[in-house]
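# Chain and residue survey
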Amino acid sequence: MDLHINTKCVQAGYEPKNGEPRVLPIVQSTTFKYDSAETLGRLFDLEEDGFFYTRLTNPTLSAVAAKIAALEGGVGAMLTASGQSASLLSVINICHAGDHVVCASAVYGGTFNLFNKSLREMGISFTFVTPDASESDIKAAFQENTRAVFVESVSNPSLDVADVELYAKLAHAHGVPLIVDNTFPTPVNFRPFEWGADIVVHSTSKYMDGHAVALGGVIVDSGNFDWTNGKFPAFTEPDESYHGVVYTEKFGRAAYITKATTHLMRDYGPQQSPQNAFLLNLGLETLFLRMERHCSNALTVAKFLETSDKIEWVNYPGLESSKYYERCKKYMPNGSCGVISFGVNGGRENAMRFMNNLKLIKQVIHVADARSCALHPASTTHRQLNDEQLEQCGVTPNLIRMSVGIEYVDDILADIRQALEAL
Ligand SMILES: *Cc1c(COP(=O)(O)O)cnc(C)c1O
């Protein structure tokens, strides 16, 4: 049965048998019992499917991963402890010391540091391409040792919309996969595999959980990339730590995600807790409803701000004034996300005054949960930078980032209006 994505949000991944709990249970057990050493041996040799230790996977984790794989349209998924660990494992499942990655420069700050510092220290190199890079600029970033391309579909916090179809075409022309961080639009608004992406990662801590209660991440495998083109021996040569298994031969289209679990999760171990996966699943059940409301509220707020003489500029891909309006309509016809940014007239001082005037909308570092919140980067996350350095990284001193929640939109507007009027 081909179900609508709304229905998959509610029901995919868990199918109780007779007499089993209707609600996905939290299997709070690190370990699983078997009758014979032979059966356990076959599990260890990957000859048989089954749970044996929660660091690899467990029934709760596996059901939630299956739901997210269904939402993205992939062959399989693996939960991780955080979005950071999803990004890390998605790359090191493919790349080793001496390899190179082409990466969009408009990525989450944590991702940039992970790549530019930690993975560089491990011998993987990166070339960053700016959001306005032309096709030939992107082509020029590829090297002989390039093994992956990494972009964010809608970037946090700059809200650049990546031309995913173009990145996929260029990645494939160079025989490497495209990894897309799809955290902001979620599969409800955008499914990168339909545009040629090969691997998707998420910070599930954002809209997927949606309530700011559980840190988590996920990697999803489209099953479409051909790992046998000679560039990826880790997939096509025997893995001695599993008695010589060859991932592409044994697991076919699920080679990438199986290796991520059996090799990387085994060795590095950043597993999500069953309790967090349970909470994530509750969030996923209402993801479709929430994304609709986040997007319609954000568009209403963005349009209101555009009409205010207290506001210098507004950045939201759903606005006709956005340079991404057409691209956003092509990839995300139902909207992108609930995050907007804008500049308050009167510089840093007025931006801070505006923040302090807000009542309903709270000041927090997080984005993408049910409650509206706002942040003034120049005095918080970017406070060590002077005005000139701020301009260089696209964060003006008067920039406010607002994550528009799912409250009744007139109440959100009223709070913003009173905060502006009091300036
Ligand atoms: C938050 C975020 C991450 C990191 O996720 P954590 O769950 O905080 O580790 C990665 N990518 C994007 C786009 C994010 O917004």
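Conventions and cut-offs
- Residues numbered from 1 in each chain as written.
- Predicted model: local features only at pLDDT ≥ 70, side-chain atom pairs only at ≥ 80, totals over all residues.
- Heavy atoms only, no water.
- Pairing = 2+ DSSP bridges.
- Helix = DSSP H or I, 4+ residues; strand = E, 2+ residues; numbered from the N terminus.
- Axes fitted to C-alpha atoms, helices over the stretch in contact; angles between N-to-C directions.
- Buried < 20%, exposed > 50% of the residue type's maximum accessible area, 1.4 Å probe, protein only.
- Salt bridge = Lys/Arg side-chain N within 4 Å of Asp/Glu carboxyl O.
- Lys, Arg positive; Asp, Glu negative; His and termini not counted.
- Polar contact = N/O pair within 3.5 Å; in protein donor to acceptor, adjacent residues only side chain to side chain.
- Near = heavy atom within 4 Å.
- Areas by Shrake-Rupley, 256 points an atom, 1.4 Å probe, with all protein chains shown as cover.
- Nonpolar A, V, L, I, M, F, W, Y, C, P; charged D, E, K, R; others polar.
- 1 Å grid on protein atoms, 1.4 Å probe; cavity = no way out; pocket = protein on both sides within 12 Å on 5 of 7 lines; lining within 4 Å.
- Points joined across faces, edges and corners; volume = space filled by probe spheres on them.
- Domains from an automatic or database assignment.

### Points about the sheet that holds strand β5 (residues 178-181)
The seven strands lie next to each other as β1-β7-β6-β5-β4-β2-β3, forming an open sheet whose pairing is mixed. Edge strands, defined here as strands with exactly one partner in the open sheet, are β1 (76-80) and β3 (125-129). Sheet twist, expressed as the mean angle between neighbouring strand axes with direction ignored, is 20 degrees. For strand β6 (residues 199-203) and strand β7 (residues 217-221), the ladder comprises five bridges, and the chain directions are antiparallel.

### Description of the pairing of strand β9 (residues 339-344)
Most of β9 is tucked away, with six of its six residues classed as buried. Both faces of β9 are covered, namely the face carrying V339, S341 and G343 and the face carrying I340, F342 and V344. Bridge analysis of strand β8 (residues 311-315) against β9 gives four bridges, and the strand direction is antiparallel. Directly across from V314, in β9, lies its bridge partner F342. Alignment of β9 against strand β12 (residues 399-403), held across five bridges, turns out to be antiparallel.

### With respect to the pattern of salt bridges
Tallied over the entire structure, the rule returns twelve salt bridges. Salt-bridge contacts for E47 lead to K250; the nearest nitrogen and oxygen are separated by 3.9 Å. With E47 in the loop between α2 (37-44) and α3 (59-72) and K250 in helix α10 (residues 247-251), this residue pair connects regions lying 203 residues apart in the sequence. Overall, the relative accessible area of 39% leaves K250 in the partly exposed class. Sharing partners across several salt bridges, the network here consists of E135, K139 and K169.

### Describing the side chain of K259
Within the element layout of this structure, K259 appears in helix α11 (residues 255-268). For the buried K259, no salt bridge is present, and the opposite-charge side chain at shortest range is D239, 7.1 Å distant. Within polar-contact distance, the side chain of K259 engages the side chain of N93 at 2.9 Å.

### Here we look at the site of the ligand
Taken together, 13 residues are adjacent to the ligand, and N156, D181, S203, S205 and K206 come closest. Within the side chain of N156, a nitrogen or oxygen atom sits 2.8 Å from an oxygen atom of the ligand. S205 is positioned with one of its side-chain polar atoms (N or O) 2.6 Å from an oxygen atom of the ligand. Compared with its free state, where it exposes 380 Å², the ligand has 93% of that area covered by protein. Here the shell around the ligand is built from residues that sort into two nonpolar, eight polar and three charged.

### Thoughts on the environment of D35
Take D35: it is sitting in the loop between α1 (5-11) and α2. The class of D35 is exposed, set by a relative accessible area of 72%. Along the chain, D35 and D239 lie 204 residues apart, while their C-alpha atoms are 28 Å from each other. In this structure the side chain of D35 is engaged in a polar contact, spanning 2.7 Å, whose partner is the side chain of K33.

### With respect to the layout of surface pockets
If you add up the space inside the largest pocket, you get close to 1000 Å³. Lining the largest pocket are 37 residues, and of these N156, P157, S158, H382 and V395 sit closest to its centre. The element contributing the most residues to the lining of the largest pocket is helix α5 (residues 109-121), with four residues. Partitioning the lining of the largest pocket into residue classes produces 17 nonpolar, 15 polar and five charged. In this structure, the lining of the largest pocket is formed jointly by two domains, domain 1 (5-283) and domain 2 (288-421), each of which donates at least three residues. Approximately 740 Å³ is the volume attributed to the second largest pocket. In terms of lining, the second largest pocket is formed by 27 residues, of which the most central are D49, T57, S62, T258 and T261. For the lining of the second largest pocket, the secondary-structure elements that each account for two or more residues are α3, β1 and α11.

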